[in-house]
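Here is what each chain is made of, one letter per residue.
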Amino acid sequence: MQVYPFFIPHAGCPHRCCFCQQQQLSGQLTAPSPEKVGVELDSLLPEQGGGEVAFYGGSFTLLEPALQNDYLCRVHPFVGYGRVAGIRISTRPDAVDEPRVALLQQGGVTTVELGCQSFSAEVLVASHRGHGPEATGFAVPLLRARSLRIGLQLMPGLPGGGRREALQSLRCALDLQPDFLRIYPTVVLRDTLLEDDFRSGRYRPLELEEAVDLCAEMLWHCRQAGVPVIRLGLQASPLLTPERALVAGPYHPAFGALVRSRLWRRAIEGLAVARAETELRLHSADLSDALGQRRNNLSYLEERGRRLSIGCDSHMAREHFALNGQIYSVQAAAAFPPLSTLDY
């Protein structure tokens with residue numbers, strides 16, 4: 001879905017989470033006025049189109065109701081003219097109740113993203129979130145009762161977290177049956193409490209390889225549950241460099257591609273015969289993910305005695321490959337143990 005984002009950095013937020021620095025991520029110090037939103041939409045939107053106008057970076061439902069209404073009303077004419085299909089907002093799970101949800105529905109909101117980040121009470125406390133895991137379980141049914149689409153955001157690698165916590169949180173998120181997920185491995189940004197903890201040695205972020213492995217497993221489980229993951233890793237930005245906002249952590253401008261490639265590697269590794277030349281055929285659109293960045297999947301497999309020759313076949317279904325005369329799906333070949341059977 002096409003999204004037309006407007007950032008309202010930290011607007012409405014009652015807490016400063018240990019990882020949060022929305023001004024650094026968005027490159028904006030303040031939120032645009034409702035009037036400016038209306039002007040920009042007129043030049044930004046096509047004459048006819050779909051998608052949603054989105055308000056990100058703050059807790060929209062904790063803005064003053066009059067300000068919420070003013071923002072939403074600036075979008076209404078463009079929905080009426082068919083230039084965009086709806087409105088998306090992001091907020092905190094504990095900022096959702098019946099009156100607030102009613103206001104969103106009356107204002108034409110179609111999608112709500114909840115920054116739950118984790119379902120571990122200990123991790124939420126360590127991250128200075130200011131709410132517990134039960135807040136998300138309370139918010140989701142209220143939003144669903146109003147027929148709003150629901151997205152959940154998870155942040156593996158927060159203080160006190162790890163692989164086990166991330167998979168437990170994912171299981172809780174999938175049990176709520178959201179319409180989509182975002183998965184953002186935690187990175188350390190400048191001028192945050194997390195930077196202080198990192199520099200003092202109290203916090204260690206995930207290494208890039210750890211994050212890729214973990215998020216590949218999380219993505220596999222989401223696909224298995226039929227829940228789309230619409231974002232893996234922070235959006236690439238010139239601000240996310242060591243000279244500017246980025247201090248440490250598993251940031252990569254093509255993080256999603258690394259994760260998808262890791263699933264391909266896992267699928268092929270389990271099937272390719274060691275010490276034998278193996279021919280693999282796939283759709284050309286999957287070639288980049290199968291090869292890996294800088295062809296590192298091939299290098300990895302060759303180091304383990306699996307030599308591949310890869311060819312493209314336009315008749316092959318996406319996310320499938322032919323190997324030794326058999327056709328496999330990446331999802332089936334890369335299988336992980338079900339979340340329900342993992343030893344927590």
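Data block above holds the structure.
Residues numbered from 1 in each chain as written. Predicted model: local features only at pLDDT ≥ 70, side-chain atom pairs only at ≥ 80, totals over all residues. Heavy atoms only, no water.

Draft legend 1. Structural context of the packing of helix 9 (residues 208-225) against helix 10 (residues 255-269). Two elements in contact, helix 9 and helix 10, have axes whose closest approach is 8 Å; the angle formed by their N-to-C orientations is 70°. Relative to helix 10, helix 9 is oriented roughly perpendicular. Contacts between helix 9 and helix 10 involve L208, E209, A211, V212, D213, C215, A216, L219, W220 and R223 on the former and, on the latter, F255, L258, V259, R260, R262 and L263. Its residues assigned to classes, the contact of helix 9 with helix 10 comprises 11 nonpolar, no polar and five charged. (Axes fitted to C-alpha atoms, helices over the stretch in contact; angles between N-to-C directions. Helix = DSSP H or I, 4+ residues; strand = E, 2+ residues; numbered from the N terminus. Parallel < 35°, antiparallel > 145°, perpendicular 65-115°, else oblique. Contact = heavy atoms within 4.5 Å. Nonpolar A, V, L, I, M, F, W, Y, C, P; charged D, E, K, R; others polar.)

Draft legend 2. Structural context of the state of the cysteines. All chains considered together, the criterion is met by zero disulfides. Summary of cysteine pairing: C116 is not part of a disulfide, and the nearest cysteine sulfur, belonging to C172, is at 9.5 Å. C222 takes part in no disulfide bond, and the closest cysteine sulfur, belonging to C215, lies 9.7 Å away. (Disulfide = S-S within 2.5 Å.)

Draft legend 3. Local environment of the environment of Q68. Here Q68 is to be found in helix 3 (residues 65-80). Taking the C-alpha atoms as reference, Q68 lies 29 Å from L193; in sequence the two are 125 residues apart. Not counting the four nearest positions on each side in its chain, Q68 is found in contact with F60, T61, L62, L63, L103 and L104.

Draft legend 4. Local environment of the pairing of strand 12 (residues 320-323). Where strand 10 (residues 276-282) meets strand 12, three bridges bridge the pair, whose relative direction is antiparallel. Bridge pairing links L282 to F321 in strand 12. By the bridge criterion, four bridges tie strand 12 to strand 13 (residues 326-329) in an arrangement that is antiparallel. Bridge assignment links H320 to a residue of strand 13, and that residue is S329. Linkage of strand 12 to strand 13, two consecutive antiparallel strands, is achieved through a turn of two residues, within which N324 is found at a positive phi near 55°. (Pairing = 2+ DSSP bridges.)

Draft legend 5. Layout of the nonpolar core. Counting 77 residues, the largest nonpolar core has F55, F60, L152 and L181 as its most contacted members. Among the elements that take part in this core, helix 9 stands out by supplying nine residues, more than any other. If near-sequence neighbours (up to four positions away) are discounted, L181 is found in contact with L152, L170, A173, L174, C222, V227, P228, V229, I230 and R231. Within the second largest apolar cluster, 19 residues are counted, among which are V188, L194, L246 and V247. (Core = buried A, V, L, I, M, F, W, Y, C linked by side-chain atoms within 4.5 Å. Buried < 20%, exposed > 50% of the residue type's maximum accessible area, 1.4 Å probe, protein only.)

Draft legend 6. Looking closely at the packing of helix 7 (residues 163-175) against helix 9. Remark: helix 7 packs on helix 9, axes separated minimally by 11 Å, with the N-to-C direction vectors making an angle of 20°. Judged by the angle between their axes, helix 7 and helix 9 are roughly parallel. Remark: the crossing between helix 7 and helix 9 carries right-handed chirality. Here helix 7 contributes R163, A166, L167, L170 and L174 to the contact with helix 9, which in turn contributes L214, E217, M218, H221, C222 and A225. Among the residues making up the contact of helix 7 with helix 9, the classes are represented as eight nonpolar, one polar and two charged. (Left-handed = near helix turned anticlockwise from the far one by under 90°.)

Draft legend 7. Representation of the pattern of salt bridges within the structure. On inspection of all chains with the given rule, the structure shows 21 salt bridges. The closest approach of N and O atoms between E52 and R88, which form a salt bridge, is 2.7 Å. Here the residue E52 occupies a position in strand 2 (residues 52-56), and R88 occupies one in strand 3 (residues 86-91), the gap between them amounting to 36 residues. Of the two residues, E52 and R88, neither departs from the other in class, the shared state being buried. Between R304 and E303 there is a salt bridge; the shortest N-O distance is 3.5 Å. (Salt bridge = Lys/Arg side-chain N within 4 Å of Asp/Glu carboxyl O.)

Draft legend 8. Examining unusual backbone geometry more closely. Although it is not a glycine, S147 sits at a positive phi angle of roughly 60°. Here S147 falls in the exposed class, since its relative accessible area comes to 66%. Of note, R294 is a non-glycine position whose phi angle comes to about 55°, a positive value. Look at R294 and you get exposed, because its relative accessible area is 76%.

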